[in-house]
Amino acid sequence: MEHTGALLQFLNASPSCYHAAANVAARLQEEGYLRLMEQEPWHLAEGGKYFVMRGDASIIAFRTPRKDFTGFMIAAAHSDSPTFKVREAAEVSSAGGCTRLAVEPYGGMMMRSWMDRPLSVAGRVMVRSGGKIVTRLVNIDRDLLVIPSVAIHMDREVNKGTALKANVDLLPLFSMGGENGGFRRLVAESIGVAECDLLTTDLFLYPRAPATVTGANGEFVAGARLDDLQCVFGCMEGFLAAKESASVPVLAVFHNEEVGSGTRQGADSTFLTDVLQRLNTACGRSGEDYLTAAANSFQVSADNAHAIHPAHPEYADGKEFPVLNGGVVVKYNAAQHYTTDAVSDAVFREVCAAAGVTVQRYSNRADLPGGSTLGNISTAHLSVHSVDIGLPQVAMHAAYEVAGTQDTEDLVRVMTAYYSRSFRMNADGCSI
Ligand code: ZN
């Protein structure tokens, strides 16, 4: 599989959403993309390649056209995954002379999957440096923590499913000997700064087991944060491989999807519209031109989908259930928690057919509410035609997830075809 090695590398080098965004930025820079600052005026060259970051974990990349453009071809995915945030006052004295770290859930994780395995800490910290406050990425790159469960001899009901309390059961074991500031010292040391210059932290737990290929014939890719870094990776590689079209290709990776997107860098912010409006203005175009372009634009909202579970097929719809390694999934929901409608579905299927990629359908079992994603949050700000897609996976939001090896290849292929095309809507129909 052409892209499996690079996907594993990307997953393993991205223990936090900040690392994921930094790795996307590094990949873009490797391909000649220049970083634009939101705080400075933009002067864009024809045929230029650019990216913008907001909040250190959201990133939008685009290429400016050589001539006038008709619209924007957007793909959106998210950089964050459910995890535990480490509190600023991190150390907590616990029974038996142990010290644990105070943590708080970020997003809807399956708590039990985080127990009894080596964990560590990654994220960003703010550091005082040369009269400024600067961001530094942190990865304590060693087996540091474990969240120990209670033995079955004390909790005979454990295999029937015991409720876990985040503030009691999920604090990872850090050291012996009580609170002594050792955690803060360790963080400062890991980035080579004096402890007095370490100001504040956004640090999260991550499982130490690296992403890997499993299965008798390497059919599966297993790892943490497949939701949604598998889609980030596939959209990014498609974006980079695409040929020039009459539209502007736009890659958007948003932070904070797992907590509702309502932040200054989330999908429910002005980040995407700010970038597209400034791009439009920098290309010498009017407000009318911008609205015309928006009406001729398309969005692929890419977030992993539930494959039918091998042990629990009863949770899947009787007909519309994706399978691992069965191809890219289009998601449907009558209540429009997914943006897919007949128009966007037809358009996306044309791209898949041209790329030779099989499309699978996903609908929630009709009596289950199911999940949601950033597509309809984003289209509330930029009202473009949009389809919700994803790659099939099981164990979504577990600390360690499973997906299909072949499906990554399909996503790269379809996104390459998508970004090489241009969407047009006319009175008598649309084309791509
Ligand atoms: Zn997701």
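Since the structure is predicted, the reported quantities are computational estimates derived from the model, not experimental observations.

A.B. asks: If you had to explain the coordination of the zinc ion to someone new, which residues and values would you point to?
C.D. replies: Bound to the zinc ion on the protein side are His 78 (NE2), Asp 227 (OD), Asp 303 (OD) and Asp 303 (OD), at distances that span 2.0 to 2.6 Å. Given 4 donor atoms and angles of 54 to 145 degrees at the metal, the environment of the zinc ion is assigned as irregular. Sequence spacing of the donors to the zinc ion: H-x148-D-x75-D. Pair noted here: Asp 227 is in helix 4 (residues 226-241) and Asp 303 is in the loop between strand 14 (298-302) and strand 15 (305-306), with a separation of 76 residues, a long-range link.

A.B. asks: Any chance you could break down the sheet that holds strand 15 for me, citing the residues and the numbers?
C.D. replies: The strands that make up a sheet pair up through hydrogen bonds in the backbone, lying either parallel or antiparallel. Within the open sheet, the 5 strands sit side by side as 11-12-20-19-15. Their pairing is mixed. Of all the strands in the sheet, the pair left with one neighbour each is strand 11 (212-214) and strand 15. Relative to strand 20 (residues 401-404), strand 12 (residues 220-223) runs antiparallel, the two being bridged by 4 bridges. Looking at the pairing, Val 221 lines up with Ala 403 of strand 20. Across the sheet, helix 4 touches strand 12, strand 19 (392-394) and strand 20, and the angle it forms with strand 20 is around 35 degrees.

A.B. asks: Before we move on, could you go through the environment of Arg 112 and cite the residues and values that matter?
C.D. replies: Secondary-structure assignment places Arg 112 in the loop between strand 6 (98-106) and strand 7 (119-129). For Arg 112, a relative accessible area of 36% gives the class partly exposed. For the pair Arg 112 and Leu 170, spaced 58 residues apart in the sequence, the C-alpha separation amounts to 8.7 Å. At a separation of 3.1 Å, a polar atom in the side chain of Arg 112 contacts the main-chain carbonyl oxygen of Thr 162.

A.B. asks: Which residues make up the packing of aromatic side chains, and what values do they have?
C.D. replies: For the structure on display, the rule yields 13 aromatic pairs. Measuring from ring centre to ring centre gives 5.8 Å for Tyr 50 and Phe 62, while their planes differ by 40 degrees; the resulting arrangement is tilted. Here Phe 62 lies in strand 3 (residues 58-63) and Tyr 50 lies in strand 2 (residues 49-54), a separation of 12 residues in the sequence. Across the pair, Phe 62 and Tyr 50 agree in class, each one buried. Their ring planes at 85 degrees and their centres at 5.7 Å tell us that Phe 174 and Phe 183 sit as a pair that is edge-to-face. One aromatic cluster is present, formed by Tyr 33, Phe 239, Phe 298, Tyr 418, Tyr 419 and Phe 423 through successive ring pairs. Positioned above the aromatic ring of Trp 42 is the side chain of Arg 278, whose terminal nitrogen or guanidinium carbon lies 4.2 Å from the ring centre. The ring of Phe 69 has Arg 285 sitting right over it, with the charged end atom 3.7 Å from the ring centre.

The rules we used
Residues numbered from 1 in each chain as written. Predicted model: local features only at pLDDT ≥ 70, side-chain atom pairs only at ≥ 80, totals over all residues. Heavy atoms only, no water. Donors = N, O, S within 2.8 Å, 3.2 Å for Na, K, Ca; no water. Tetrahedral: all angles 85-135°; square planar, octahedral: opposite > 155°, others 65-115°. Helix = DSSP H or I, 4+ residues; strand = E, 2+ residues; numbered from the N terminus. Pairing = 2+ DSSP bridges. Contact = heavy atoms within 4.5 Å. Axes fitted to C-alpha atoms, helices over the stretch in contact; angles between N-to-C directions. Buried < 20%, exposed > 50% of the residue type's maximum accessible area, 1.4 Å probe, protein only. Polar contact = N/O pair within 3.5 Å; in protein donor to acceptor, adjacent residues only side chain to side chain. Phe/Tyr/Trp six-rings, centres within 6.5 Å; stacked < 30°, edge-to-face > 60°. Lys NZ or Arg CZ within 6 Å of the ring centre and 35° of its normal.

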